[in-house]
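What follows is each chain in one-letter form.
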Amino acid sequence: MPFIKVPFLNRVWEVKRGENLLEALQREGMEINSYCGGMGSCGKCVVKIKGEEISSPNSLEEKHLKEKIKEGFRLACQVEVYGEIEVDVSPSLTSQVEVMVKTQEAQREELPIQQIEVNVVKPPVDGVSSLQEILASQVQGEGKKWSLASLSHLSQLGEERETQFEVISDEEKIRYINKLPSDKSFLGMAFDLGTTTIGGELIDLTNGAPLHRLGTLNRQTQFGADVISRLRAIQDDPHNLYRLQEVLLQTINDLTQEACEKVSKNLERIFVVTLAGNTIMEHIFLGISPLSIGVAPYTPVFREEQVLDARELKIMANPEAQVYLFPSLAGYVGGDILSGIAAFDLTEKKGLTLYVDIGTNGEIVLIDGEKIFCCGTAAGPAFEGAQIKYGTRATLGAISAVEIKDGDIKIYTIGDLAPRGICGTGLIDALACFLREGLLSSTGRLKENDKWGNRLIKEGGNRAFLLSYDPPIFVTQEDISQLQLAKAAIQAGREILLKEAGRKEEEIEEVILAGAFGSFINPESAKTIGLIPQEAKTTSVGNASLYGAKKALLSRDFRQKVKALFQRAQYIELSARSDFSDYFYQSLIFD
């Protein structure tokens, strides 16, 4: 029987003959970089293998690894195991992610869910009533639905004449009833369901105080770095929908458990959970196939808000806790965007405002007073480090910033560690530096340059720019092309929204950069490459989606505001626009 040994993690286990190595590693809980979901196109799942009882290298491996194959390096997704092998996973094992948890604090208002203490007294002998009716009359619960668990707990009154109860209810339902506990904690958990990372925060609902904020890598990345890879995984095997849902729920539950342990709180005292994510993530969260979003006309199964019970989804919280999922605007503009623009009251601003969440699917919103125009652009995964020669996520050791200092290139890495790759913010800085130094033509080609001759090298017949000598990390001509395509998609989307609004770029007064990427990006670099307008004021707001999710915990009025924005926003489908390609090709040119 074949088996795999991973000395780095002190692990040995048996596998089926011919089993795919990447799948075998992932099944054992090893989070291996696989931006393309095991298709072999990203070249990120590099491992080093000792042992010969494996499949031969194929053309995809030869393309990505070249001479390194002779040293034992292989792409795990392309290897079939036939005997005993030893695997070094360190080159591609996902390290700690710099998760974006910077966000504003939300204020407590009238809560969407209430905690009430009542004293239930049985009626006189000649009274015709029930304990349910008596309690409902005290908590304005007439006409509300009751959970079966609430009725069951109400029966605890038994032979007693009267008892004090704790009641948890929302506008529609008496959710939870129990004898008044010694622990009266009233907690909520808010989540941002990001494609790459999940952010969460535990909140004390009695006063709105934040208790613990945290984040982690979204384990769905084993199926691919972007939502398109995950759609493909579901298309290839419908059972993958439930695997994707399972790993997402595991991530959510692990964060919830960790948050509660950090502040010594009981999971059972969480009575409301709010979540905001892109439309595909929200579908997967509910276990609903998002495949209809993947093909024209990109129609989601649902768009409106969903209010459910925690027990339906096996979320770690009180089983009767309310689960609120934000509404989505369209197939590629989700609840996370609606959460952010509602959280910052952007329709109250007097000037023209551009809200941008830069990522694999760059969502753009143009707010002109009460008018809201939005679109989603297929920017691709280059900003996440995918399809980039030395690209990586924002992990320890990633080059996150680049500048010209004292006449030379200066790089900065996350954690001040030796460089192991370059993430999206570093790529934008590098591209901006190339433009400022005259290293790029208007079409994005690297040019000869005497000043930088020691850093301009040849890679695959094309020029490349060396950022780091040891270890060697460089930006290739193909990398620059991928970044051009990404920035052009976002720039063209912006032009379409301006056209719809009848406004011009110079009229934009403020650009709001949302999300993890937007919070670390250098605005001047983004302006230099044309990613955002040149003249507008730029504000980074952190994890706006999580901020909105917290507001949805603490304010019933906020949820009404979200609903109103949902009904008012105008979505522009770029693929249906005949002028999009013109704007796109124009945006490929560097001014």
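Cut-offs used in this document
- Residues numbered from 1 in each chain as written.
- Predicted model: local features only at pLDDT ≥ 70, side-chain atom pairs only at ≥ 80, totals over all residues.
- Heavy atoms only, no water.
- Core = buried A, V, L, I, M, F, W, Y, C linked by side-chain atoms within 4.5 Å.
- Buried < 20%, exposed > 50% of the residue type's maximum accessible area, 1.4 Å probe, protein only.
- Helix = DSSP H or I, 4+ residues; strand = E, 2+ residues; numbered from the N terminus.
- Contact = heavy atoms within 4.5 Å.
- Salt bridge = Lys/Arg side-chain N within 4 Å of Asp/Glu carboxyl O.
- Arc of directions from axis to C-beta.
- pLDDT = per-residue confidence, 0-100.
- Phe/Tyr/Trp six-rings, centres within 6.5 Å; stacked < 30°, edge-to-face > 60°.
- Lys NZ or Arg CZ within 6 Å of the ring centre and 35° of its normal.
- Pairing = 2+ DSSP bridges.
- Axes fitted to C-alpha atoms, helices over the stretch in contact; angles between N-to-C directions.

Colleague: How should the nonpolar core be read in this particular structure?
Modeller: The tendency in soluble globular proteins is for nonpolar side chains to be buried side by side. Ile358, Phe383, Phe434 and Leu531 are the most contacted members of the largest nonpolar core, which has 61 residues in total. Looking at this core element by element, the count peaks at 11 residues for helix α11 (residues 477-501). For Phe434, the residues in contact, after removing those within four places along its chain, are Leu439, Leu440, Phe465, Val475 and Ile480. Core analysis: the second largest hydrophobic core is formed by 42 residues, Ile203, Ile341, Ala544 and Leu565 among them.

Colleague: Would you mind showing me how to read the environment of Ile364 here?
Modeller: Within the secondary structure, Ile364 sits in strand β19 (residues 361-368). Ile364 sits in the buried class, given a relative accessible area of 1%. Sequence separation between Ile364 and Gly502 is 138 residues; the distance between their C-alpha atoms is 16 Å. Setting aside chain neighbours within four positions, we find Ile364 in contact with Leu354, Tyr355, Val356, Phe373, Cys374, Cys375, Thr377, Ile490, Gly493, Arg494 and Leu497.

Colleague: Is there a simple way to explain the pattern of salt bridges in this structure?
Modeller: Proximity of charged atoms lets side chains of opposite charge pair with each other. Counted by the stated rule, this structure contains 31 salt bridges. One salt bridge connects Glu61 with Arg74, and the closest N-O pair in it is separated by 2.6 Å. A residue pair is termed long-range when its members are at least 10 positions apart, and Glu61 in helix α2 (residues 59-65) and Arg74 in strand β5 (residues 73-75) qualify at 13 residues. For the residue pair Glu61 and Arg74, the accessibility class agrees, reading buried in each case. With a shortest N-O distance of 3.3 Å, Arg568 and Glu370 are connected by a salt bridge. In this pair, Arg568 is assigned in helix α15 (residues 556-568) and Glu370 in the loop between β19 and β20 (371-378), connecting sequence segments 198 residues apart. Residue Glu370 is classed as partly exposed on the basis of its relative accessible area, which comes to 47%. A network of salt bridges, in which partner residues are shared, links Asp170, Lys173, Arg175, Asp309, Arg311 and Glu320.

Colleague: Would you explain helix α16 (residues 580-587) in this entry?
Modeller: An α-helix turns once every 3.6 residues. As a result, residues three or four positions apart point the same way. Looking at α16, one finds that the buried residues are Phe580, Tyr583, Phe584 and Ser587. An end-on view of α16 places all buried positions within 100° of arc, on one side of the element. Residues Tyr585 and Gln586 are exposed on α16 and point more than 90 degrees away from its buried face. Those residues of α16 hidden inside the fold are in contact with α11.

Colleague: Sorry if this is basic, but what is going on with the confidence of the model for the protein here?
Modeller: Parts of the prediction with low pLDDT should not have their coordinates interpreted in detail. With 98% of its residues at a pLDDT of 70 or more, the protein has an overall mean of 89. For the protein, the element scoring lowest by mean pLDDT is helix α12 (residues 515-520), at 79; strand β17 (residues 322-325) scores highest, at 98.

Colleague: Sorry, what's going on with the packing of aromatic side chains here?
Modeller: Aromatic ring pairs are described here by two measures, namely the spacing of the ring centres and the angle between the planes. Under the definition given, this model contains 11 aromatic pairs. Ring geometry for Phe584 versus Tyr585: centroids 5.6 Å apart, planes at 70°, classification edge-to-face. Following the ring pairs from residue to residue traces out a cluster consisting of Tyr176, Phe186 and Phe271. Above the plane of the ring of Phe73 lies Lys68, whose end atom (NZ or CZ) is 4.7 Å from the centre. The ring of Tyr324 carries the charged tip of Arg559 above its face, separated from the ring centre by 4.2 Å.

Colleague: What's the story with the environment of Ile414 in this structure? I'm lost.
Modeller: Among the structural elements, Ile414 can be located in the loop between β22 (408-413) and β23 (421-422). Sequence separation between Ile414 and Ile288 is 126 residues; the distance between their C-alpha atoms is 37 Å.

Colleague: How should the side chain of Thr347 be read in this particular structure?
Modeller: Relative to the helices and strands, Thr347 is located in the loop between α9 (335-343) and β18 (352-357). Given the relative accessible area of 14%, Thr347 is considered buried. Ignoring sequence-local partners within four residues, the contact set of Thr347 consists of Ile367, Gly369, Glu370, Ile372, Leu565 and Arg568.

Colleague: I keep staring at the sheet that holds strand β9 (residues 145-146) and nothing clicks. Help me out?
Modeller: Strands belonging to one sheet form pairs held by backbone hydrogen bonds; the direction of such a pair is parallel or antiparallel. Ordered by their spatial adjacency, four strands build an open sheet running β8-β10-β11-β9, and the pairing between neighbours is mixed. Among the strands making up the open sheet, the edge pair consists of β8 (113-121) and β9. Where strand β10 (residues 162-170) lies against strand β11 (residues 173-179), five bridges are found, and the strand directions are antiparallel. Bridging from a neighbouring strand, Val167 pairs with Ile177 of β11. Those strands touched by helix α3 (residues 131-138) are β8, β9, β10 and β11, and its axis lies near 125° from that of β8.

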